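As a plain string of letters, each chain reads:
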Amino acid sequence: MNYLRRRLSDSSFVANLPNGYMMDLQRPTPPGSSTSSPASPATERRQPPSIPSQPQSSGPSSGSASGPASGSGTKPVIRKPKILLVIDDQHTDWSKYFRGKKLNGEYEIRVEQAEFSEINLASYVNSGCMVDMQVNKGGTKVIRSFKPDFALIRQHAYSMIPGEDFRNLVIGLHFGGVPSVNSLFSIYNFCSKPWVFSQMIKLYHSLGPEKFPLNEQTFYPSHTQMLTTPSFPVVVKMGHAHAGMGKIKVENQQDFQDITSVVALAGTYATTEPYVQSKYDIRIQKIGSNYKAYMRTSISGNWKANTGSAMLEQIAMTDRYRMWIDSCAEMFGGLDICAVKAVHGKDGNDYIIEVMDSSMPLIGEHVEEDKQLITELVISKMAQVLLGVSTPQPSSVKVQNTLNASLLLIPLSSVMIQYSQIIRLCVVCLRTAGGHRSASASPSQSAQGSPQRARSATTSPSQAFQPGPIPASSGPGAQKQSPQLNKSQSLTNSFTETLRGSLTDDEAKAETIRSLRQSFASLFSD
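Residues numbered from 1 in each chain as written. Predicted model: local features only at pLDDT ≥ 70, side-chain atom pairs only at ≥ 80, totals over all residues. Heavy atoms only, no water.

Under an unreviewed UniProt entry, the chain has the name Synapsin III and belongs to Amphilophus citrinellus. Word for word, the UniProt comment on the chain under Sequence similarities (unreviewed entry) is "Belongs to the synapsin family." Under the UniProt heading Subcellular location (unreviewed entry), the note attached to the chain is "Cytoplasmic vesicle, Secretory vesicle, Synaptic vesicle". (UniProt positions renumbered as here; feature names shortened; annotations may be inferred.)

Asker: Describe the overall build of the chain, listing the residues and the values that go with them.
Answerer: Counting its regular elements, the chain contains 18 helices and 17 strands. For the chain, with 526 residues in total, the buried portion stands at 38%. Accessible area of the chain: about 29,700 Å², with a carbon and sulfur share of 54%. (Helix = DSSP H or I, 4+ residues; strand = E, 2+ residues; numbered from the N terminus. Buried < 20%, exposed > 50% of the residue type's maximum accessible area, 1.4 Å probe, protein only. Areas by Shrake-Rupley, 256 points an atom, 1.4 Å probe, with all protein chains shown as cover.)

Asker: An account of the nonpolar core is needed here, citing residue identities and associated values.
Answerer: Judged by nonpolar contacts, the single largest core of 28 residues is most densely connected at Met200, Phe212, Ile284, Tyr321, Met331, Ile352 and Val355. Listing elements by their share of this core, those giving two or more residues are helix H8 (193-207), strand S13 (278-287), strand S14 (290-298), helix H10 (319-328), strand S16 (337-345) and strand S17 (350-356). Sequence-distant contacts of tyrosine 321, defined by excluding residues within four places in its chain, comprise Ile282, Ile284, Ala293, Ile315 and Ala316. Membership of the second largest hydrophobic core comes to 24 residues, among which are Leu103, Met360, Val378 and Ile379. (Core = buried A, V, L, I, M, F, W, Y, C linked by side-chain atoms within 4.5 Å. Contact = heavy atoms within 4.5 Å.)

Asker: Quick rundown of the pattern of salt bridges? Include the residues and the values.
Answerer: Counted according to the given criterion, the structure contains 14 salt bridges. The closest approach of N and O atoms between glutamate 112 and arginine 110, which form a salt bridge, is 2.8 Å. On the accessibility criterion, glutamate 112 (4% relative accessible area) is buried. What makes arginine 110 partly exposed here is its relative accessible area of 32%. When the shortest N-O distance is used, the salt bridge between arginine 296 and aspartate 281 registers 3.5 Å. (Salt bridge = Lys/Arg side-chain N within 4 Å of Asp/Glu carboxyl O.)

Asker: Help me get a handle on helix H11 (residues 367-386), residues and values and all.
Answerer: Helix length check: H11 (20 residues) gives 28 Å between terminal C-alpha atoms against 28 Å at 1.5 Å per residue, within 8%. Of the residues making up H11, those classed as buried are Asp370, Lys371, Leu373, Ile374, Thr375, Leu377, Val378, Ile379, Ser380, Met382 and Ala383. Downstream of H11 by one or two residues, glycine 388 has phi in the positive range, about 70°. (Expected span 1.5 Å × (residues − 1).)

Asker: Can you explain the pairing of strand S7 (residues 150-153)? Please cite residues and give values.
Answerer: Residues Phe150 and Leu152 line one face of S7 and the alternating positions Ala151 and Ile153 line the opposite face, and both faces are buried. Direction of pairing for S7 relative to strand S8 (residues 180-181): parallel, over a ladder of two bridges. Bridged to alanine 151 within S8 is serine 180. (Pairing = 2+ DSSP bridges.)

Asker: I'd like a description of the sheet that holds strand S15 (residues 310-315), backed by residues and values.
Answerer: An order of S15-S14-S13-S16-S17 is seen for the five strands of this open sheet, with the pairing classed as antiparallel. Each of the sheet's edge strands pairs with one partner strand only, and the pair in question is S15 and S17. For this sheet, the mean inter-axis angle between neighbouring strands, taken without regard to orientation, is 25°. On the sheet, H10 packs against S13, S14, S15, S16 and S17 and is oriented at approximately 55° with respect to S13. (Axes fitted to C-alpha atoms, helices over the stretch in contact; angles between N-to-C directions.)

Asker: An account of the pairing of strand S3 (residues 107-114) is needed here, citing residue identities and associated values.
Answerer: The buried count for S3 comes to six of eight residues, which makes it a mostly enclosed element. With six bridges connecting them, strand S1 (residues 82-87) and S3 associate as parallel partners. Within S3, the residue paired with valine 86 across the bridge is glutamine 113. By the bridge criterion, two bridges tie strand S2 (residues 102-103) to S3 in an arrangement that is antiparallel. Residue pairing across strands places leucine 103 opposite tyrosine 107, the latter belonging to S3. In sequence, S2 turns back onto S3 through a hairpin of three residues, with asparagine 104 there showing a positive phi of about 55°.

Asker: Quick rundown of the sheet that holds strand S10 (residues 234-238)? Include the residues and the values.
Answerer: As summarised here, the arrangement of the four strands in space is S9-S12-S10-S11, forming an open sheet in which the pairing is antiparallel. Single-partner strands in this sheet number two, and they are strand S9 (218-220) and strand S11 (247-250). Strand after strand, the sheet turns through a mean of 25° between neighbouring axes, direction not considered. With five bridges joining them, S10 and strand S12 (residues 270-274) adopt antiparallel strand pairing. Looking at S12, one finds that valine 234 is bridged to proline 274.

Asker: With reference to specific residues and values, describe the side chain of threonine 260.
Answerer: Secondary-structure assignment places threonine 260 in helix H9 (residues 253-266). Of the residues examined, threonine 260 reaches a relative accessible area of 7% and is grouped as buried. If we ignore the near neighbours within four places in the chain, the residues touching threonine 260 are His223 and Met226.

Asker: Would you mind going over the packing of aromatic side chains in detail, with residue names and values included?
Answerer: Under the defined criterion, the tally for this structure stands at six aromatic pairs. Seen from their ring centres, tryptophan 94 and tyrosine 97 are 5.6 Å apart, and the 50° between their planes marks the pair as tilted. Here tryptophan 94 matches tyrosine 97 in class, with each residue buried. Ring centres of phenylalanine 232 and phenylalanine 256 lie 6.2 Å apart, and the angle between their planes is 75°; this geometry places the pair in the edge-to-face category. Note that phenylalanine 232 is positioned in the loop between S9 and S10 and phenylalanine 256 in helix H9, a separation of 24 residues in sequence. We note lysine 249 situated over the ring of tyrosine 275; from NZ or CZ to the ring centre the distance is 4.0 Å. Directly above the aromatic system of tyrosine 291 lies the positively charged group of arginine 322, at a separation of 4.3 Å from the ring centroid. (Phe/Tyr/Trp six-rings, centres within 6.5 Å; stacked < 30°, edge-to-face > 60°. Lys NZ or Arg CZ within 6 Å of the ring centre and 35° of its normal.)

Asker: Can you explain helix H6 (residues 167-175)? Please cite residues and give values.
Answerer: Among the residues making up H6, those that are buried are Leu169, Val170, Gly172 and Leu173. Projected down its long axis, H6 shows its buried positions confined to an angular sector of 160°, all on one face. Away from the buried face of H6 by more than 90 degrees, exposed residues Asn168, His174 and Phe175 are located. The elements touched by buried residues of H6 are S1, strand S4 (119-124), strand S5 (128-137) and helix H7 (184-189). (Arc of directions from axis to C-beta.)

Asker: I'd like to hear about the state of the cysteines, residue by residue, with values.
Answerer: Using the criterion set out here, one finds zero disulfides in the structure. Here cysteine 338 is not disulfide-linked; the sulfur of cysteine 328 is the nearest cysteine sulfur, at 7.1 Å. The class for cysteine 338 is buried, based on a relative accessible area of 0%. (Disulfide = S-S within 2.5 Å.)

Dropping the structure here:
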């Protein structure tokens with residue numbers, strides 16, 4: 001204090017002090033203030049009175065050191081991305097469909113895709129499921145470990161082919177509590193087709209044969225019970241297989257006994273069902289709240305419509321089809337992705353034969369759209385399960401309205417394209433056959449034909465395929481075309497006759513042209 005008095009007595013020192021300094025110094029000390037460590041009056045005066053002291057926040061944002069500061073003084077939190085395990089083949093890169101999408105606008109989605117054969121796992125009670133995935137990067141195998149938060153199953157978990165039984169991995173994911181689409185409970189139940197068919201039998205008895213026309217089926221636990229079958233022909237299905245494998249058409253009792261010996265060697269169960277003469281196949285699929293129906297007609301004439309060439313077109317989703325798929329979607333606690341396969345017979349009746357789960361193949365002209373629907377469905381399920389947030393699916397409703405508006409335009413255009421391709425193929429075949437015939441036959445021999453053959457030889461191929469009245473024929477091949485044949489069988493017979501006929505026989509060529517004209521006339525007439 002003595003030092004301050006001496007300094008204040010110096011006039012030059014006082015003149016250099018800021019304005020109002022002496023007034024602040026002479027102000028009385030407020031009661032209750034501490035005198036142990038008094039603050040400098042200049043420091044008190046220079047402190048901005050408008051900025052209050054900031055209390056220390058205990059929230060998670062106070063410790064974050066990254067990101068720009070917000071208006072309230074807090075900083076954004078960096079969320080750990082959610083890991084999605086996609087089990088599918090490498091033909092579809094699912095990471096590009098989830099790129100840029102977030103759960104509830106906060107969590108990014110990291111996609112890890114592999115096949116069942118490329119992963120191993122270990123599951124624990126407390127720490128969940130840890131997956132080791134073997135990936136190939138630049139010709140080098142790399143093993144990556146992670147803990148999945150969700151799974152999308154797009155591959156069959158079980159097949160009787162050696163080395164394709166992955167039910168243990170499904171059990172491991174379920175043991176680790178990994179949620180998935182479809183549910184792991186339903187995935188495991190779909191590892192046996194007779195087990196799934198037994199659920200369809202319950203729907204058949206509850207809804208009735210009129211609403212749910214299930215095809216009749218007989219189950220044999222082993223080959224010892226396969227003594228006979230009520231009627232022929234029948235389709236024998238051995239064990240659990242996919243995509244038409246393990247299915248044999250049996251015409252009589254002798255062939256049935258031969259197949260019984262094959263089932264004995266396979267050491268598995270078998271089922272039989274009456275063979276339905278199919279006019280076309282029906283497939284109804286459901287992805288979330290989106291529905292589609294397709295019709296597939298065989299061109300190659302194979303009794304399996306998924307074998308050989310076939311025409312595929314989208315058809316209208318009727319209330320009958322919707323009831324089928326909605327009823328089957330309630331199996332095993334609910335199926336988010338499923339499809340129903342049926343056969344429309346020549347007798348005009350429908351026969352439901354199979355239900356598929358999330359491993360169903362995507363078909364038709366809207367494959368990319370279906371992948372987008374699966375993506376939106378998975379994001380909605382992840383937000384519901386992981387965050388407890390229920391998010392609607394506006395894309396499914398919007399897509400459905402668009403499809404309903406253009407439903408009558410798509411089938412016609414696709415059918416016309418398929419028919420035009422068939423016509424071009426027939427033109428090429430006939431031109432090739434005509435070239436070989438003209439090279440080997442003389443002009444005098446060609447001019448000695450009947451008037452009908454002359455018209456066929458001078459008519460252009462495009463004119464020959466135009467629908468119109470079919471002239472009567474009295475040649476030896478006139479009885480080959482049966483009126484009971486369907487479209488695919490008539491086309492098949494026409495192509496077969498073209499290939500088997502002699503290239504130098506004018507009558508065979510004229511008969512082929514007439515058969516093709518009749519086939520395409522029946523196609524376009526419908």
